[in-house]
Amino acid sequence: MIATGSDEYSHRLAEQIGQFIINADTNSGRSLQKAIGPSEVGEACERQLSYKLLDWPETNTNRDPIAAIIGTGFHLWMAEKFEARQVDIGGGRTRYRIEERVTVRDSPIPAARLTGSSDLFDRLRRDNLDWKLVGKSSHDKYRRQGPGEKYRVQAHLYGMGQENAGEDVHRVVVVFVARHHELMVHVWSEPYDRSVAEAALARLDRIRDHVMALDPEAHPEHWAQIPIPDKPNCRFCPWLLPGSTDLSTGCPGAQPANAGASLQALIA
């Protein structure tokens, strides 16, 4: 948090307001979510998913919440505006399903059950849409490279949730809106494919079975057997702990393959 003021009183007030924002976010429903949601299933890092599956104590607790807060506000605004244009399409049905809970997979085993809140389903277009409010550099990246596997998996999981609710889903859509001084919108979409969602759920089950078999709570040294990808996105990981040598307390993140050689060159 960066807090400044025009005088001592204003500076203290800035600090208090900033802390209020942090505390309110920490105690929000989104922040207190424990079960894995559709937005996390496609995470490339198996270690991060394993920490999440075991509800491991977080270490990277000083993450700046403002981008997520702004994103939540944008979702609420979009929901309000689509609600205002809601229409009856007959048969007791409305055109839009707005911010409705969907069940991607039901199960008597709580850990295997997957539910989430879908941003928007358009029954006339038969599209499931997911809003992403992102920075300009991220917007440019998604425009050039596509949504990445995590967002793609999320899109198809919500498609599955809508299908399970009896909807006829034709396409899944991710709408990237840049946080910028002018409106920038990029849309990625593809035909809904249930097999994409099924493969993601099978992968999640495999990771869950693996971490349960390793039992890192009883054997902390087994954390090292849970891999991270070659190019993980560690910055916002809740379990990032730079310099950690004990994976049961936190993950140091990706280490350069030639870190030792670089150090030797530095001190040579």
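See above for the structure.
Structural notes, computed from the coordinates. (Residues numbered from 1 in each chain as written. Predicted model: local features only at pLDDT ≥ 70, side-chain atom pairs only at ≥ 80, totals over all residues. Heavy atoms only, no water.)

Counting secondary structure elements, the protein chain contains 8 helices and 7 strands. A buried classification covers 40% of the 268 residues belonging to the protein chain. Sequence-distant contacts, at least 24 apart, represent 61% of the contacts inside the protein chain between residues at least 6 apart. Taken as a whole, the protein chain presents about 15600 Å² of accessible surface, with 53% of it coming from carbon and sulfur. (Helix = DSSP H or I, 4+ residues; strand = E, 2+ residues; numbered from the N terminus. Buried < 20%, exposed > 50% of the residue type's maximum accessible area, 1.4 Å probe, protein only. Contact = heavy atoms within 4.5 Å. Areas by Shrake-Rupley, 256 points an atom, 1.4 Å probe, with all protein chains shown as cover.)

Viewed as axis vectors pointing N to C, helix 3 (residues 46-53) and helix 7 (residues 194-214) meet at an angle of 70 degrees, and their least axial separation amounts to 10 Å. One element, helix 3, and the other, helix 7, form an angle in the roughly perpendicular class. Facing Glu46, Leu49, Ser50 and Leu53 of helix 3, the residues of helix 7 in contact are Arg203, Leu204, Arg206, Ile207, Arg208 and Val211. A class-by-class count of the residues in the contact of helix 3 with helix 7 yields 5 nonpolar, 1 polar and 4 charged. (Axes fitted to C-alpha atoms, helices over the stretch in contact; angles between N-to-C directions. Parallel < 35°, antiparallel > 145°, perpendicular 65-115°, else oblique. Nonpolar A, V, L, I, M, F, W, Y, C, P; charged D, E, K, R; others polar.)

This part is about the sheet that holds strand 6 (residues 171-178). Judged by pairing direction, the sheet is mixed, and its 5 strands sit side by side in the order 3-4-5-6-7 without closing on themselves. Every other strand in the sheet has two partners, leaving strand 3 (96-105) and strand 7 (185-191) as the edge strands with one partner each. Adjacent strand axes in the sheet meet at a mean angle of 35 degrees when their direction is disregarded. Bridging between strand 6 and strand 7 involves 7 bridges; their strand directions are antiparallel. Looking at strand 7, one finds that Val174 is bridged to Trp188. Of the strands in this sheet, strand 3, strand 4 (114-122), strand 5 (127-134) and strand 6 touch helix 4 (residues 66-84), which is tilted by about 140 degrees from strand 5. Contacting strand 5, strand 6 and strand 7, helix 5 (residues 136-145) runs over the sheet at an angle of about 145 degrees to strand 6. (Pairing = 2+ DSSP bridges.)

Let us look at the packing of aromatic side chains. The geometry of an aromatic ring pair is captured by two quantities: the separation of the ring centres and the angle between the planes. This model, assessed by the stated rule, comprises 8 aromatic pairs. Seen in terms of ring centroids, Phe82 and Trp131 are 5.8 Å apart; in terms of plane orientation they differ by 25 degrees. Their pairing is stacked. Of this pair, Phe82 sits in helix 4 while Trp131 sits in strand 5, and the two are 49 residues apart along the sequence. For the pair Phe82 and Trp131, one class covers both residues: buried. Taken together, the ring pairs in this structure connect Tyr51, Trp56, Trp223 and Trp239 into an aromatic cluster. (Phe/Tyr/Trp six-rings, centres within 6.5 Å; stacked < 30°, edge-to-face > 60°.)

Our next topic: the pairing of strand 6. The element strand 6 is largely enclosed, with a buried count of 7 among its 8 residues. Examined bridge by bridge, strand 5 and strand 6 share 8 bridges and lie parallel to one another. Each bridged residue has a counterpart across the sheet, and for Trp131 the counterpart in strand 6 is Val175.

In total, this model carries 22 salt bridges according to the counting rule given. The partner of Arg97 in a salt bridge is Glu167, with the nearest N and O atoms 4.0 Å apart. Taken together, the residues span a long stretch of sequence, with Arg97 in strand 3 and Glu167 in the loop between helix 6 (148-164) and strand 6 at a distance of 70 residues. One continuous salt-bridge network, built from bridges that share partners, spans Arg93, Arg97, Glu100, Arg123 and Glu167. (Salt bridge = Lys/Arg side-chain N within 4 Å of Asp/Glu carboxyl O.)

It is worth spelling out helix 6 at this point. An α-helix turns once per 3.6 residues; consequently, residues spaced three or four apart project the same way. Relative to the 24 Å expected for 17 residues at 1.5 Å per residue, helix 6 spans 25 Å between its end C-alpha atoms, a close match to the ideal helical length. Among the residues of helix 6, Val153, Gln154, Ala155, His156, Leu157, Tyr158, Gly159, Met160, Gly161 and Gln162 are the ones counted as buried. Gly166 sits one or two residues past helix 6 and shows a positive phi near 95 degrees. (Expected span 1.5 Å × (residues − 1).)

Let us now look at the side chain of Asn128. Tracing the backbone shows Asn128 in strand 5. Of note is the side chain of Asn128, whose polar atom sits 3.1 Å from the side chain of Gln162. If we ignore the near neighbours within four places in the chain, the residues touching Asn128 are Ser118, Leu120, Phe121, Tyr158, Gln162, Arg171, Val172 and Val173. (Polar contact = N/O pair within 3.5 Å; in protein donor to acceptor, adjacent residues only side chain to side chain.)

Here we come to a nonpolar patch on the surface. Together, Tyr9, Leu13, Ile17, Phe20, Ile21, Ile66 and Ile70 make up a nonpolar patch on the protein surface, roughly 670 Å² of accessible area in all. Secondary-structure elements contributing two or more residues to the nonpolar patch are helix 1 (8-26) and helix 4. The dominant element in the nonpolar patch, judged by the number of residues it contributes, is helix 1, at 5 residues. In this fold, Ile66 is placed in helix 4. According to the relative accessible area criterion, Ile66 is partly exposed, its value standing at 40%. (Patch = residues over 30% accessible without salt bridge, like charges linked within 9 Å, V, L, I, M, F, W, Y side chains within 5 Å.)

Attention now goes to the environment of Cys45. In this structure, Cys45 sits in the loop between helix 2 (38-41) and helix 3. On a C-alpha basis, the gap between Cys45 and Gly71 in space is 24 Å, while along the polypeptide they are 26 residues apart. Setting aside residues no more than four positions away along its own chain, Cys45 makes contact with Arg203, Pro227, Ile228 and Pro229.

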